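Architecture and fold: a report
The residues making up each chain are set out below.
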Amino acid sequence: MSAMTTRARSILRIQLHDLGPAGQETYERALALLRDLTPLVQALPPDAADLDVTGALRFFDRDTGGLAAMAALRLAAHLGLRATIGAGPNRMLAAMAADTTAPGQVTVVAPAPGAVAAFLRSKPVGALYGVGPATARTLGEYGLHRIGDLLDVPLLTLQRILGKATAVTLSQRARGLDPRPVTSETAPKSTGFSYEFSHDELDPAAHRRALLDLCERLGLRLRTTGQVVARLALSISYADGATTQRSRTLEEYTAHTPALSAAAYDLYSRFGLQRARVRTITVRADLTDAQYAVQQLLLDPADGKRRRIEQAADRARARFGDQAIRPGTLAQPNGTPMSHLVTRAPVRPQRSGCDGAGTGSIR
């Protein structure tokens, strides 16, 4: 008998829609409302949450689908929110059910092994928790495009393709197994860094160097405090005092500087700046604990090498100071500061944005 059937849980993945201008405040009110159903609510900002309602089923005298419908009704009645809900015996299956559900509807995956297998078999391998594009492409080269294909391949064969650890993990997930608990936690804190130019800066290359510096500092802060970025926001202030902002939720929560830089560059490109005189660039991040981050299954040895180099650089910075190791792009041959940096301290969980400020020089 599998672990899934010996002690089946009931998990809901709730995806909220149309949070409106006061998105963060509405989201926190929705979390408080969901905690009336169960204390085991794990926030997945900016607009989702996982609920473990195993113990609530008997209290409310409802099955999983009935409790999901109750949650949707309460969100609509009290906050005017529409919710898409996926339900299953673990977090992975609940999330996959939500991903395949039409907005405002509920999909329940029954805990019976046959029902789980029927739900998973036809899904693409990329739908499995932790499977990134690189892993999906590698499996596709061997004709393994569906989750059912993974179940039909001997484990030893899968190990030759992916390596032992990755193959075992993927085989378990293909069978619908996911031991991750739903852990109650507060909404994530925020932190931010601002880069203030000494003059109105027109050069896009200078803007990108500032972004790299901000992401370097952000990544180091997160890796030393055991946090990861869930949502990244970029604000640009101009010479006339105007400010514009773009934001995005990361597909994979991370504290890895190259990943943060790539996300920041993508946000910057969306501004479509044409000869803009930039005064200040601010990067703000909504954070969560690193233990709740999704770790993609990667087959790229270069990525592993970059992460090991990053770990070694962090150890050097811890011993010799933050400026001990710097990207060559940020090096200043004359030793003069590039500009001024404003560091925003983390805020309380109940608030969003950046709070507090201090100044320093980048050397």
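Within any chain, residue numbers begin from 1 and follow the written order of that chain's sequence. Local features are withheld for residues below a pLDDT of 70 in this predicted model, meaning they are given only at 70 or higher, and side-chain atom pairs are given and counted only at 80 or more; totals for whole chains, interfaces and linings count all residues. With hydrogens and water stripped out, all remaining heavy atoms of the structure feed into the side-chain values.

Note on aromatic pairs: each is described by the distance of the centres and the angle between the planes. Ring geometry is summarised as follows: Phe, Tyr and Trp rings, the Trp one being its six-membered ring, pair when their centres sit within 6.5 Å, and such pairs are stacked at plane angles under 30 degrees, edge-to-face over 60 and tilted between the two. For the coordinates displayed, the defined rule picks out 2 aromatic pairs. With centroids separated by 5.0 Å and ring planes inclined at 80°, the aromatic side chains of Phe 59 and Phe 60 adopt a geometry described as edge-to-face. Burial classes: relative accessible area under 20% of the type maximum marks a residue as buried, over 50% as exposed, and values in between as partly exposed (1.4 Å probe, protein chains only). When its relative accessible area of 19% is taken as the criterion, Phe 60 is described as buried. For the ring pair Tyr 195 and Phe 197, a centre distance of 5.1 Å and an interplane angle of 55° mean the geometry is tilted. Exposure remark for Tyr 195: the relative accessible area of 1% places this residue in the buried category. The criterion for a charge sitting over a ring is simple: Lys NZ or Arg CZ within 6 Å of the ring centre, and within 35 degrees of the ring normal. Against the face of Tyr 265 rests Arg 208, its NZ or CZ located 4.0 Å from the ring centre. Directly above the aromatic system of Phe 271 lies the positively charged group of Arg 246, at a separation of 5.0 Å from the ring centroid.

This paragraph deals with helix α6 (residues 113-121). The helix count covers DSSP runs of H or I at least four residues long, the strand count covers runs of E at least two residues long, and both are numbered beginning at the N terminus. Regarding α6, the residues found buried are Val 116, Phe 119 and Leu 120. Across the axial projection of α6, the buried residues extend over an arc of 90°, all falling on one side. The outward face of α6, more than 90 degrees from its buried face, is lined by the exposed residues Gly 114 and Ala 118. To be clear, the arc concerns the directions from the helix axis to the C-beta atoms.

Okay, the pairing of strand β2 (residues 41-44) next. Here β2 shows a buried face lined by Val 41 and Ala 43 and a second buried face lined by Gln 42 and Leu 44. Following DSSP output, two strands are said to pair if at least two bridges run between them. Where β2 lies against strand β3 (residues 48-52), 4 bridges are found, and the strand directions are antiparallel. The residue bridging Gln 42 from the neighbouring strand is Asp 50, located in β3. Counted along the chain from β2 to the antiparallel partner β3, the turn is 3 residues long.

The subject of this paragraph is helix α4 (residues 64-79). Since there are 3.6 residues in each turn of an α-helix, residues three or four apart along the chain are aligned in direction. Taking 1.5 Å as the rise per residue, α4 with 16 residues should run 22 Å; its terminal C-alpha atoms sit 22 Å apart, in good agreement. Where α4 is concerned, the buried positions are Thr 64, Gly 66, Leu 67, Ala 68, Met 70, Ala 71, Leu 75 and Leu 79. By definition in these notes, contact holds between two residues if any of their heavy atoms fall within 4.5 Å. For α4, the elements touching its buried residues are β1 (11-17), α2 (23-34), α3 (56-60), β4 (82-88) and β5 (106-108). Just beyond α4, the residue with positive phi is Gly 80, at close to 70°. Each helix should span, by expectation, one fewer than its residue count multiplied by 1.5 Å.

So, on to the packing of helix α5 (residues 91-99) against α6. Lines fitted to C-alpha atoms define the axes here, with helix axes fitted over just the stretch in contact, and angles between the N-to-C directions of these axes take values from 0 to 180 degrees. In contact at an axis separation of 12 Å, α5 and α6 are set at 50° when each is read in the N-to-C sense. Relative to α6, α5 is oriented oblique. Two packed elements cross with a definite hand, and for α5 against α6 that hand is left-handed. Residues Leu 93, Met 96 and Ala 97 of α5 lie in contact with α6, whose contacting residues are Val 116, Phe 119 and Leu 120. A class-by-class count of the residues in the contact of α5 with α6 yields 6 nonpolar, no polar and no charged. Note on terminology: angles under 35 degrees are roughly parallel, angles over 145 are roughly antiparallel, angles of 65 to 115 are roughly perpendicular, and the others are oblique. The sense of a crossing depends on the near helix, which, turned anticlockwise from the far helix by less than a right angle, makes the crossing left-handed and, turned clockwise, makes it right-handed. Classification convention: Asp, Glu, Lys, Arg as charged; Ala, Val, Leu, Ile, Met, Phe, Trp, Tyr, Cys, Pro as nonpolar; all other residues, Gly among them, as polar.

What follows concerns the confidence of the model for the protein. Confidence scores here are pLDDT values: one per residue, from the predictor, ranging 0 to 100. Counting all residues, the mean pLDDT for the protein is 82, and 80% of those residues have values of 70 or more. Confidence drops under a pLDDT of 50 for residues 1-6, and excluding neighbours within four residues, the segment shows 12 contacts in the predicted structure. Counting contacts from residues 333-363, a segment whose pLDDT is below 50, to residues more than four positions away or on other chains yields 84 contacts.

Excluding glycine, most residues fall at negative phi; most peptide bonds, likewise, are trans. Positive phi, close to 55°, is recorded for Asp 18, a residue that is not glycine. Examined against the element boundaries, Asp 18 turns out to sit in the loop between β1 and α2. For Asp 18, a relative accessible area of 65% gives the class exposed.

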